[in-house]
Amino acid sequence: MSVSEQGSVSPLSIGPDEPYSEPKRFLRKLSLLRWLALANNCPAGLKQLTQVGLLAVWPVWFVWVIIRAGCFFAFWLLLSPVRSHQKKNHPEDFARAQARRLP
């Protein structure tokens, strides 16, 4: 007789009530538990082998996500004058564009 945890949430799942946020998305990608959860659906021996491989690759992934976050925020700062100009001079268009953002 097995008992399944109904309250448990997979590290791969994204909460429906979570607001869309680039910093939160980057932090979620850096999670080692999320990375290891990619091997959850494999058989036992293959799962261990896959997790060892994922552990070997994770530092490279970590550095890649940090570099990507730095590029994202550099462009965000570079384009902030354009955003503020649009927000000030075209508030209806700016609000419509913000409403179209991904959840």
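Residues numbered from 1 in each chain as written. Predicted model: local features only at pLDDT ≥ 70, side-chain atom pairs only at ≥ 80, totals over all residues. Heavy atoms only, no water.

Is there a simple way to think about the nonpolar core in this case?
Across soluble globular proteins, you tend to see nonpolar side chains buried next to one another. Among the nonpolar cores identified, the biggest contains 5 residues, and these are Trp35, Leu36, Ala39, Leu54 and Trp58. For this core, the secondary structure elements donating two or more residues are α2 (32-36) and α3 (44-78). Every residue in contact with Ala39, bar those within four places of it in the chain, is listed here: Lys47, Thr50, Gln51 and Leu54. (Core = buried A, V, L, I, M, F, W, Y, C linked by side-chain atoms within 4.5 Å. Buried < 20%, exposed > 50% of the residue type's maximum accessible area, 1.4 Å probe, protein only. Helix = DSSP H or I, 4+ residues; strand = E, 2+ residues; numbered from the N terminus. Contact = heavy atoms within 4.5 Å.)

Whenever I open this one, the confidence of the model for the protein confuses me. Can you help?
Detailed reading of the predicted coordinates is not advisable wherever pLDDT falls low. Mean pLDDT over the protein stands at 79; residues scoring 70 or higher make up 78%. Per-element mean pLDDT across the protein ranges from 74 in helix α1 (residues 22-30) up to 91 in helix α4 (residues 80-89). In the predicted structure, residues 1-7 sits below a pLDDT of 50 and forms 0 contacts with residues beyond four places in sequence or in another chain. (pLDDT = per-residue confidence, 0-100.)

What should I look at first to understand the packing of aromatic side chains in this one?
Describing an aromatic ring pair means giving the distance of the ring centres and the angle of the ring planes. Across all of its chains, the model carries 3 aromatic pairs by this definition. For the ring pair Trp58 and Phe62, a centre distance of 5.2 Å and an interplane angle of 45° mean the geometry is tilted. In this pair, Trp58 and Phe62 both sit in helix α3, 4 residues apart, roughly one turn of the helix. Judged by relative accessible area, Phe62 falls into the partly exposed class, the value being 32%. Measuring from centroid to centroid gives 5.1 Å for Phe72 and Phe73, while their planes differ by 80°, and the two rings are edge-to-face. (Phe/Tyr/Trp six-rings, centres within 6.5 Å; stacked < 30°, edge-to-face > 60°.)

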